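# Structural overview
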Amino acid sequence: GQQLNQSPQSMFIQEGEDVSMNCTSSSIFNTWLWYKQDPGEGPVLLIALYKAGELTSNGRLTAQFGITRKDSFLNISASIPSDVGIYFCAGQTSNSGYALNFGKGTSLLVTP
Amino acid sequence: SQTIHQWPATLVQPVGSPLSLECTVEGTSNPNLYWYRQAAGRGLQLLFYSVGIGQISSEVPQNLSASRPQDRQFILSSKKLLLSDSGFYLCAWSLRGNPDTQYFGPGTRLTVL
């Protein structure tokens, strides 16, 4: 699969702070997805992006599909303790077939 | 709405024993179905996908096999488990013809001793 570089690897923040994480690739992506995974559970889809430049919100979460189609970011505003978990970017290129390419995840810890 | 189920939730098996993990989807018809494995390093690797009953495609050579006996049922099997088969197994579905948006099940934690 295509290499996805996700950063930061981990974040430790205080409740109420805003969070930003991103994914980059050397390949052009047709789709960018952002998932959240809690320990011992499956990833839950947060936001799906299908067009370059697309900016989509889901509550306190906002994600954008980069203009170059090689990057995407996820912002979380006013973080709360239940935001704790691992956030994954994922996507497909024209060569992906049926597989989603996943980043290695950003581990988010929020202190009250 | 659509839901996806996996069982068992956890499984501990000895090396050399057989394996059968089951995944079922409700609330949709003719879905694409997928099996992923998530190793300790967090990355998800696609193992198998299916676009219809009896149609299975393998992404990586391995000790595992998959079957789709019914439209919304996907099974992951092995005749003889290896230690390296330990991991977190995730089933996912997508709409037929739309593989770029996949929804995951709760997962099965497999430990091979």
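Just so it is clear, the structure is predicted and the values come from calculations on it, not from any experiment.

## Looking at the overall build of chain A
Within chain A one finds 0 helices and 11 strands. Ordered by position from the N terminus, the helices and strands of chain A form the series β-β-β-β-β-β-β-β-β-β-β. Expected size for 112 residues packed as a compact globule is a radius of gyration near 13 Å; at 13 Å, chain A falls within 12% of this value. Taking the principal axes of the C-alpha coordinates as reference, chain A spans close to 45 × 30 × 20 Å. The 112 residues of chain A split such that 45% are buried. In chain A, the share of contacts with a sequence separation of at least 24, taken over all contacts with a separation of at least 6, comes to 54%. Taken as a whole, chain A presents about 5200 Å² of accessible surface, with 50% of it coming from carbon and sulfur. Each charge class in chain A was averaged separately, 6 positive and 8 negative side chains, and the resulting centres sit 13 Å apart.

## Digging into the sheet that holds strand 8 (residues 73–78) of chain B
All names here are of chain B. One open sheet accounts for 4 strands, arranged 1-3-8-7; its pairing is antiparallel. Each of the sheet's edge strands pairs with one partner strand only, and the pair in question is strand 1 (3–7) and strand 7 (65–70). Strand-to-strand, the axes of this sheet are offset by a mean angle of 20°, without reference to chain direction.

## Overview of the sheet that holds strand 8 (residues 71–76) of chain A
Strands in a sheet are paired, the pairing made by backbone hydrogen bonds, and the direction either parallel or antiparallel. Residue and element names in this part refer to chain A. Sheet architecture is open: 5 strands sit in the order 1-3-8-7-6, paired in antiparallel fashion. Each having just a single partner strand, strand 1 (4–7) and strand 6 (55–58) make up the two edges of the open sheet. For this sheet, the mean angle separating the axes of adjacent strands, direction not counted, is 15°. Looking at chain direction, strand 1 and strand 3 (residues 19–25) are connected through 4 bridges and run antiparallel. Directly across from N5, in strand 3, lies its bridge partner T24.

## Details of the packing of aromatic side chains
This structure, assessed with the given rule, holds 11 aromatic pairs over all chains. Note on F88(A) and F102(A): the rings are 6.3 Å apart at their centroids and 80° apart in plane angle, and the pair reads as edge-to-face. Taken together, the positions of F88(A) in strand 9 (residues 85–92) and F102(A) in strand 10 (residues 101–102) put the pair 14 residues apart, joining distant regions of the chain. Note on F102(A) and F104(B): the rings are 6.0 Å apart at their centroids and 70° apart in plane angle, and the pair reads as edge-to-face. Residue F102(A) is located in strand 10, and its partner F104(B) is located in strand 10 (residues 103–104); the two belong to separate chains. By relative accessible area, which is 11% here, F102(A) ends up buried. Residue F104(B) is classed as buried on the basis of its relative accessible area of 9%.

## Some words on the interface of chain B and chain A
Residue-level contacts link 20 residues of chain B with 22 residues of chain A. In this structure, the connection of chain B to chain A is made through 7 residue pairs in polar contact (both at pLDDT 80 or more). Residue assignment for the side of chain B that touches chain A shows that the elements contributing at least two residues are strand 4 (32–38), strand 5 (44–52), strand 9 (87–94) and strand 10 of chain B.

## As for the pairing of strand 5 of chain B
All names here are of chain B. Here strand 5 lies mainly inside the structure; 7 of its 9 residues are buried. Note: strand 4 against strand 5, 6 bridges, orientation antiparallel. Bridging from a neighbouring strand, Y36 pairs with L46 of strand 5. Taken together, the 3 bridges between strand 5 and strand 6 (residues 55–58) define a ladder with antiparallel strand orientation. Among the inter-strand pairings, G52 is bridged to a residue of strand 6, identified as Q55.

Quick notes on the rules
Residues numbered from 1 in each chain as written. Chains lettered and ligands numbered in written order. Predicted model: local features only at pLDDT ≥ 70, side-chain atom pairs only at ≥ 80, totals over all residues. Heavy atoms only, no water. Helix = DSSP H or I, 4+ residues; strand = E, 2+ residues; numbered from the N terminus. Rg over C-alpha atoms; globule rule 2.2 N^0.38 Å. Buried < 20%, exposed > 50% of the residue type's maximum accessible area, 1.4 Å probe, protein only. Contact = heavy atoms within 4.5 Å. Areas by Shrake-Rupley, 256 points an atom, 1.4 Å probe, with all protein chains shown as cover. Lys, Arg positive; Asp, Glu negative; His and termini not counted. Charge placed at Lys NZ, Arg CZ, Asp CG, Glu CD. Pairing = 2+ DSSP bridges. Axes fitted to C-alpha atoms, helices over the stretch in contact; angles between N-to-C directions. Phe/Tyr/Trp six-rings, centres within 6.5 Å; stacked < 30°, edge-to-face > 60°. Polar contact = N/O pair within 3.5 Å; in protein donor to acceptor, adjacent residues only side chain to side chain.

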